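# Structural description and commentary
Chain by chain, the residues run as shown.
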Amino acid sequence: MRAKVGSRWIIAGVVLLACGGAAHAQSMLPGGIPPPPGMSLPRSAAMRFPQPVQVSALLHRDVLQPVPSQRVLGTVKSIVRNESGAVEAVVEYGGFLGFGARPIAVPIDAMVLLGRDMEIVAYSPRQLNHFPTFSAEGTMPVPSDTIIRVGLAKPSH
Amino acid sequence: MRSPFRPDDLPEKAVLDDHRPLIRGLERRGLFRGGLSLGALAILTGCDVRQPEAVQSALLSISRFNDGVQAWLFDPNKLAPTYPASRVLKPPKFNAYYNINQVRPVNGATWRLELAGLIADRRPWTVQEIDALPQTTDIIKHICVEGWSYIGEWSGVRLSTFLRRVGADTRAKYVAFHTADDYPSSIDMASALHPQTILAVRYAGETIADPFGYPLRLRTSTKLGYKNPKWITAIEVTNTYPGGYWESRGFSWFGGL
């Protein structure tokens, strides 16, 4: 009898997993896809049909996590060129209700345009938490009228 | 199949006779049980639940009725709001039923717009020929059924101008579109002849970029975003209901705003 009760729970669990798996598959399909393992950021950005966009149009944009809830990770504060010449977005990241946020530099090739917002597709929030706080030393601000190219994504919801 | 929840030791059958009135009472509640089951099915959207044919056809007939009401309410002369150029989002927002890396750009040099159905002159059109037609620009809002929107600036020939130019029968019911990304779509003739329905070739003054439908896409101010097919390869004028990609998956066909 005890074993019978156990098997019922297993069956119920399998049914729930089947439903949960299907829902998971649906939610993971659309949206900002991370770079395939081993692919460089510039190469993966090139797969996302990079489009010309004026730097001034990127400032103050919300930066989202590519998940169905589209959690806001921060806002774009500025666009800079780092010591090696790569373009980065300085994102006011983390915190709660505007308190406790800190600036981090995220490679522009790790991000995509999503209408009026942006998404970070190459790094998870767990990885971003370990990004050093941005220091302007050694970087050059990119003028606001400069046109740069940023990849696209479809909405994640 | 034997139920996995069936107890090992079944009660005596005589128990049923002893409680006959109570069981009848339970049966009267069958309607509620049925309602609860349907509700449960509707909640389990993640599961592949096959709905009974009757439920499906009832829902489809309601959707068709809604399409009829929308067509009746549609005013062919009423213009949608337009916006200043300063509010145009550049670049526009990408969306499709697949991811961005699966976009397959169309070669404009070999591309031809094919025409079919109730059209007098069905000669195919090149990009240059489409570009030479009288152009109009609409700064209108793209409103997606998913809930987001943005303001975009689209230029191209009015679909009404194009249809009259090729001798289309504008008394026909439908204008259908075939696309390079296998996204069939169709609209009613009244919406096709609306002045803010254009075959767009430019966005914000530039040739439409690959992910947004180069070389030709539909932009209509009076319908939801999914009624604006990109990468159009053929236009057909017909009286036979053509349906569409999302419409065959349960979306409203009229899709009006």
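Higher on the page you've got the structure.
What counts and what doesn't
Numbering of residues starts from 1 in each chain and follows the order in which that chain's sequence is written. To read the labels, note that chains go from A and ligands from 1, taken in the order they are written. In view of the model being predicted, local features appear only for residues whose pLDDT reaches at least 70, and side-chain atom pairs are presented and counted only at 80 or more, with totals across whole chains, interfaces and linings using the full set of residues. Helix and strand labels come from DSSP, where a helix needs a run of H or I of at least four residues and a strand needs a run of E of at least two; each type is numbered from the N terminus. Partly exposed residues are those falling between the two cut-offs: more than 12 but fewer than 20 other C-beta atoms within 10 Å of their own, whereas 20 or more means buried and 12 or fewer means exposed, with C-beta atoms placed from the backbone. For every residue pair, C-beta atoms are placed from the backbone, and the pair is scored as a contact if these atoms sit within 7 Å. Strands pair, by our definition, only if DSSP identifies at least two bridges between them. Here, expected helix span is obtained from the residue count minus one, scaled by 1.5 Å.

## Overview of the overall build of chain A
- When helices and strands are counted, chain A shows four helices and nine strands.
- In chain A, the order of α-helices and β-strands from amino to carboxyl end is α-α-β-α-β-β-β-β-β-β-α-β-β.
- In chain A, buried positions account for 31% of the 157 residues.
- For chain A, contacts bridging at least 24 residues in sequence account for 60% of all contacts bridging at least 6.

## A few points about the environment of proline 125 of chain A
All names here are of chain A.
- Considering the arrangement of structural elements, one finds proline 125 in helix 4 (residues 125-129).
- Along the sequence, proline 125 and glutamine 65 sit 60 residues apart, while their C-alpha atoms lie 7.8 Å from each other.
- Look past the residues within four positions of proline 125 in its chain and what remains in contact with it is Gln65 and Leu73.

## Here's the deal with the pairing of strand 6 (residues 111-114) of chain A
Residue and element names in this part refer to chain A.
- In strand 6, alternate side chains face the same way, and those of Met111 and Leu113 on one face and Val112 and Leu114 on the other are all buried.
- When strand 6 meets strand 7 (residues 117-120), the two strands line up antiparallel, connected through four bridges. Paired with methionine 111 across the bridge in strand 7 is isoleucine 120.
- Counting the residues that bridge the hairpin from strand 6 to strand 7 gives two residues, and of these glycine 115 lies at a positive phi of roughly 65°.

## Topic: helix 4 (residues 53-73) of chain B
- Under the 1.5 Å per step criterion, the end-to-end length of helix 4 of chain B is 30 Å for 21 residues, consistent within 8% with the ideal 30 Å.
- For helix 4 of chain B, the buried fraction is low: zero of the 21 residues fall into the buried class.

All quantities given are derived from atomic positions and should not be read as evidence of function.
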